[in-house]
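Chain by chain, the residues:
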Amino acid sequence: MRPDRPAADPACRLPVESSTDFLARVGPDVRFTYVSAGCERLTGWAAEELVGRDMHELAHPDDLADAHAAHAAALCATGPSTAVLRMRCKDGGFVWLESIAHSLRDEHEAISEFQVVFRDASARVRAEQQLAQHARQHGAVARLGQVALREQDLSTLVEEVVATVASTLAVQLCGVLRLREDDDLLDILAHAGDWAGETIGLPAGTGTQAGYALATGEPVIAEDLRSERRFDASNLLSEGMLSGMDVIIARHERPFGVLSAHATQPRRFNVDDVNFLVAVANLLSAAVEHHRKEELTRHASLHDPLTGLPNRTLALDRLDRALARRRREGIDVAMLLLDLDRFKLINESLGHATGDELLVVLASRLADAVRSSDTIARLGGDEFVVVCERAGGVREVVALAERIAGVVSRPYVLDGDEHVLTASVGIAVADGSEDTAASLLRDADAAMYRAKHRGPGRFELFDPAVRSQVLARLRTETELRYAIDHAQLLVHYQPILDVASGRPVATEALVRWQHPHHGLIPPLEFISIAEETGLILELGRYVLEQACEQCAAWQRRFGVPLQMFVNVSGCQIANPRFAVEVAELARRSGLLPGTLAIEVTESVLIDERGSMTVLETLHTHGLRLLLDDFGTGYSSLSYLRRFPLDGVKVDRSFIDGLDGSPKDVAIMKAIVEMCRVLGLAVVAEGVESETQLEQLGQLGCENVQGYLMCRPMLGAVVSEFLEQRLAEGPAPPARTRSSAAAPGRPALRADARLRASRDASRT
Ligand code: C2E
Ligand code: MG
Ligand code: MG
């Protein structure tokens, strides 16, 4: 008896003949000795055809072992024994029969014969088989669901699906076909079983069973492909397939593809088979959708939303991999960092939307300019990098930089107007084994920075000697940050005197850094770093606060409207609230109105176009404006006309020449005269000798500043100087804001009495 078959209850089996039962007697040698008439109804065999035959001869070959086992069990059994086996019918087919055998014994208790009731068990076995198939299919779907949850990789899941469907449905071929995004062709993603034909570019529509399933959107079942009329089954037939099912793997807008199962025999697929395949296809749909969403999230986290290019993270990741490969295989790796020149100007003048449009155009031009092995990425703003994973030497990288410069400088048509741009490019080629993505980016950045300083549209190769400079700059930046927070900055003051009277009319605040190890550091060594890092905002505010407080204290102590000049950088002026904030600071510190002046250099006027309004509001808030280092740079005279200046400070380089150069004397004379006409005050910077001072007096320059009179010093030291000088003569007349701004009147006026003595010295 087969252990997996339910035992029949022998008590219910009566040896009576019904339409589905028959009775037989079998000898101990398993040969029929008697067969009742009912047998013929069930198996086609007449009784006389079976009597004398070995019962096992008629067993289904697959059940033969079970038949022997059942016989062995019956020989030992004390009661009835049962079995469910297939018996061959006369027509060659098989019928499931349940047998209940009772042994009959002779006077020696030996088995003389078996009395067996046979009953048709086809329906029961079929139901049992169906249940088992159901359970198998459910189990398979559940298992695949677990794989889908666990597996990040879609292709692993697809492989698992085809293997599981093939074994669960007992088909010889199972495949997942994917519909292409851009046309109606299908590609076989994975298959279980042999497939010798084409795996890509299979036709959709009625060209294949899969295509037909896509066209109808319904499961397509073919019991015999040889008589198929709905679609062309030739490719399946040529693979030896005779039947099969195809179901669609759905997705929101467009199906993902088709799941197909095919058998080498004609086959009737039942509802359970179809439902099973549909369930697996649905599971695959959900996994595909989930995977697509994850892919989108991943893509978004690694790409720039504006241009669609890889972002910094992805670029650095690719660079790291390329560097690892370089260590293994020795392939050259390089990085180019490009930064557009004056992009800020475009953004501010044409608006951010136009700026964005330009970046998108540029991104696609760059993508066309690089090779397929290069990665072009946007780091943010107007900064792009090219990672050359196979650089092929410095010469090739330079050629690439030139190509890039070429595409950047092609004109851009924005809002109907043509614009031309250039980019500064820094190139770093990996040369040591310790190179990392971060270090290469830093080197490229340093090279780009140098390129920018040399002028627009340049490129520079990173020079390792620069590396130490860069590191030093980084160190200074860190230390400066600390210095600002830990009161290491000092403000020194240098008096500005009226030439005629020799009396102080103002002081200039000049910052220094009292470094714990390097001593007193002059501003030229750290102001530019503070500007690049934005630390200048904090630093500048600190200097302004100190200067206002110091000046207010002097004004109170000496009872004179002494002025304070404070240097400010472009980034400070760029803040539209600058004027308001400084005016508020001056007011709070108790400064006399009109005694705070801001010194700016020409570069501030050139670079910060938006600063015009800020500069104008300085006046409305009672602040004054001086042009520092006049005579250096472009010295465009139009600035003197366009900007609301109160005075100029003539650069030391002109004062130097006053000792002997007639040209410098002529220039200084012209400046003084021009400023007089324009109503601008003139301060001569860097006066170091008596001759220079005398010369300036003769030229009519009213105010001087320089080591000759006083070096920049701490407030306490300058206090003494001021006290001494102010005691020497009458105080300069106090000016109100309105008089200071009045046209034709110098901002720093000399006292009339001293002017007379100056005039006398001319004769
Ligand atoms: P500046 O505003 O033109 O300042 C004048 C510079 O000339 C000062 O240098 C001063 O010490 C120096 N000087 C004055 N008289 C003489 C002289 O007779 N002979 C010579 N050889 N030099 C003289 P310092 O203090 O080193 O400042 C350099 C520059 O740093 C300043 O030039 C200014 O542009 C900038 N700076 C100083 N403090 C600040 C600040 O608080 N903020 C900003 N943004 N810049 C500052
Ligand atoms: Mg200055
Ligand atoms: Mg200066």
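See the structure shown above.
Computed from a prediction, not measured in an experiment: that's the story for all the values here. (Residues numbered from 1 in each chain as written. Chains lettered and ligands numbered in written order. Predicted model: local features only at pLDDT ≥ 70, side-chain atom pairs only at ≥ 80, totals over all residues. Heavy atoms only, no water.)

(A) Region of the structure containing the overall build of the chain. The helix and strand inventory of the chain stands at 27 helices and 28 strands. For 763 residues, the compact-globule formula gives about 27 Å, and the C-alpha radius of gyration of the chain, at 49 Å, lies well above that figure. The C-alpha extent of the chain, read off along each of the three principal axes, is 165 × 50 × 50 Å. Looking at the chain residue by residue over its 763 residues, the buried ones come to 49%. A sequence separation of at least 24 residues applies to 62% of the contacts in the chain between residues at least 6 apart. When the accessible surface of the chain is totalled, it reaches about 36300 Å², and 53% of it is carbon and sulfur. (Helix = DSSP H or I, 4+ residues; strand = E, 2+ residues; numbered from the N terminus. Rg over C-alpha atoms; globule rule 2.2 N^0.38 Å. Buried < 20%, exposed > 50% of the residue type's maximum accessible area, 1.4 Å probe, protein only. Contact = heavy atoms within 4.5 Å. Areas by Shrake-Rupley, 256 points an atom, 1.4 Å probe, with all protein chains shown as cover.)

(B) Structural context of the coordination of the magnesium ion (ligand 2). Within the protein, the magnesium ion (ligand 2) binds to E508 (OE), N567 (OD1), E599 (OE) and D628 (OD); these donor distances fall in the range 2.0 to 2.2 Å. All donors of the magnesium ion (ligand 2) belong to a single chain; written as a sequence motif, their spacing is E-x58-N-x31-E-x28-D. The metal-metal distance between the magnesium ion (ligand 2) and the magnesium ion (ligand 3) is 4.0 Å, with D628 coordinating both. Within this pair, whereas E508 is found in strand β20 (residues 504-515), its partner N567 is found in strand β22 (residues 563-567), the two being separated by 59 residues in sequence. Accessibility expressed as a relative area gives 28% for N567, which makes it partly exposed. (Donors = N, O, S within 2.8 Å, 3.2 Å for Na, K, Ca; no water.)

(C) Fine view of the packing of aromatic side chains. Counted according to the given criterion, the structure contains four aromatic pairs. Residues F22 and F118 carry aromatic rings whose centres are separated by 4.9 Å and whose planes lie at 15 degrees to one another, so their mutual orientation is stacked. Of this pair, F22 sits in strand β1 (residues 21-26) while F118 sits in strand β5 (residues 111-120), and the two are 96 residues apart along the sequence. Accessibility assignment for this pair places F22 and F118 in one class, buried. Here the aromatic rings of W513 and F526 are separated by 5.7 Å at their centres, their planes lie at 85 degrees, and the arrangement is edge-to-face. On the criterion of sequence distance, the pair formed by W513 in strand β20 and F526 in the loop between β21 (519-521) and α15 (527-533) is long-range, its members being 13 residues apart. Given a relative accessible area of 1%, W513 falls into the buried group. Directly above the ring of Y412 sits R365, whose terminal nitrogen or CZ lies 4.0 Å from the centroid. Stacked on the ring of Y707, the Lys or Arg R711 has its end atom at 3.8 Å from the ring centre. (Phe/Tyr/Trp six-rings, centres within 6.5 Å; stacked < 30°, edge-to-face > 60°. Lys NZ or Arg CZ within 6 Å of the ring centre and 35° of its normal.)

(D) Highlighting the site of ligand 1. Around ligand 1, the surrounding shell holds 23 residues, and the nearest of these are R512, N567, D628, E688 and Y707. At a separation of 3.0 Å, a nitrogen atom of ligand 1 approaches a polar side-chain atom of R652. Taken by itself ligand 1 offers 790 Å² of open surface, and the protein chains cover 86% of this. The set of elements that each furnish at least two residues to the shell around ligand 1 consists of β20 and β24 (624-630). (Near = heavy atom within 4 Å. Polar contact = N/O pair within 3.5 Å; in protein donor to acceptor, adjacent residues only side chain to side chain.)

(E) Summary view of unusual backbone geometry. Positive phi outside glycine occurs at V30, with the angle close to 65 degrees. By relative accessible area, which is 8% here, V30 ends up buried. With phi around 55 degrees, A170 is a residue other than glycine that occupies positive phi space. Its location among the elements puts A170 in the loop between α5 (154-169) and β6 (173-179).

(F) Spatial organisation of the coordination of the magnesium ion (ligand 3). Coordination of the magnesium ion (ligand 3) by the protein involves D628 (OD), D629 (OD), E685 (OE) and E685 (OE), with metal-donor separations of 1.9 to 2.5 Å. In the primary structure, the donors to the magnesium ion (ligand 3) are separated according to the pattern D-D-x55-E. We classify E685 as buried; its relative accessible area is 11%.

(G) Structural context of the sheet that holds strand β13 (residues 374-380). Strand order in the open sheet formed by five strands is β13-β14-β12-β17-β18, and the pairing between neighbours is mixed. A strand with exactly one partner marks an edge of an open sheet, and here the two such strands are β13 and β18 (459-461). Pairwise comparison of adjacent strand axes, ignoring direction, gives a mean angle of 20 degrees for this sheet. Relative to strand β14 (residues 383-388), strand β12 (residues 334-340) runs antiparallel, the two being bridged by six bridges. Residue L338 lies in a different strand from β14, and its bridge partner there is F384. (Pairing = 2+ DSSP bridges. Axes fitted to C-alpha atoms, helices over the stretch in contact; angles between N-to-C directions.)

(H) A look at a negative patch on the surface. Judged by side-chain charge, D356, E357, D415, D417 and E418 come together as a negatively charged surface patch. For the negative patch, the elements supplying multiple residues, two or more each, are α11 (352-369) and β16 (417-419). Its place among the elements puts D415 in the loop between β15 (412-414) and β16. (Patch = residues over 30% accessible without salt bridge, like charges linked within 9 Å, V, L, I, M, F, W, Y side chains within 5 Å. Salt bridge = Lys/Arg side-chain N within 4 Å of Asp/Glu carboxyl O. Lys, Arg positive; Asp, Glu negative; His and termini not counted. Charge placed at Lys NZ, Arg CZ, Asp CG, Glu CD.)

(I) The arrangement of the pairing of strand β7 (residues 185-192) in detail. The pairing of β6 with β7 spans six bridges and is classified as antiparallel. From the neighbouring strand, C174 faces β7, where its bridge partner is A192. Between the antiparallel neighbours β6 and β7 lie five residues. Where β7 lies against strand β8 (residues 202-203), two bridges are found, and the strand directions are antiparallel. Bridge pairing in β8 links L186 to L202.

(J) Spatial organisation of the sheet that holds strand β2 (residues 32-35). Read from one edge to the other, the open sheet built from five strands follows the order β2-β1-β5-β4-β3, with strand pairing classed as antiparallel. Of all strands in the sheet, those with a lone pairing partner are β2 and β3 (81-88), marking the two edges. When the angles between neighbouring strand axes are averaged without regard to direction, this sheet yields 30 degrees. Both strand β4 (residues 94-105) and β5 contribute to a ladder of nine bridges, which runs antiparallel. Bridging from a neighbouring strand, H102 pairs with Q115 of β5. In the packing of helix α3 (residues 64-76) onto the sheet, the strands contacted are β3, β4 and β5, and the crossing angle to β5 comes to about 130 degrees. This element, helix α4 (residues 122-150), spans β3, β4 and β5 of the sheet and lies at about 115 degrees to β4.

(K) Up close: helix α16 (residues 536-558). Here α16 contains 23 residues, and its C-alpha end-to-end distance of 32 Å stays within 8% of the 33 Å for a straight helix at 1.5 Å per residue. Phi turns positive one or two residues past the end of α16, at G559, with a value near 65 degrees. (Expected span 1.5 Å × (residues − 1).)

(L) Structural context of the pattern of salt bridges. For the structure shown, the criterion picks out 36 salt bridges. Linking D21 and R119 is a salt bridge whose minimum nitrogen-to-oxygen distance equals 3.2 Å. Residue D21 is found in strand β1, and its partner R119 is found in strand β5; the two are separated by 98 residues along the sequence. With respect to burial, D21 and R119 carry one shared label: buried. Linking K649 and E599 is a salt bridge whose minimum nitrogen-to-oxygen distance equals 2.6 Å. One end of the pair, K649, is in strand β25 (residues 647-650); the other, E599, is in strand β23 (residues 596-600), with 50 residues separating them in the sequence. Residues joined in a network through salt bridges with shared partners are E508, E599, K649 and E685.

(M) Geometry of the packing of α16 against helix α25 (residues 715-728). Interaxial distance between α16 and α25 falls to 12 Å at its minimum, and their mutual angle equals 30 degrees. Seen along the crossing, α16 lies across α25 with a hand that is right-handed. Packed against α16, whose contacting residues are Q550, W554, R557 and F558, the element α25 presents G715, V718, S719, L722, E723 and L726 at the interface. (Left-handed = near helix turned anticlockwise from the far one by under 90°.)

(N) Seen up close, the packing of α16 against helix α18 (residues 578-589). Contact geometry of α16 with α18 gives a least axis separation of 9 Å together with a crossing angle of 35 degrees. In the crossing of α16 with α18, the sense of the turn from one axis to the other is right-handed. Residues R541, L544, E545, C548, E549, A552 and R556 of α16 pack against F578, E581, V582, L585, A586, R588 and S589 of α18. Of the residues belonging to the contact of α16 with α18, the class tally is seven nonpolar, one polar and six charged. (Nonpolar A, V, L, I, M, F, W, Y, C, P; charged D, E, K, R; others polar.)

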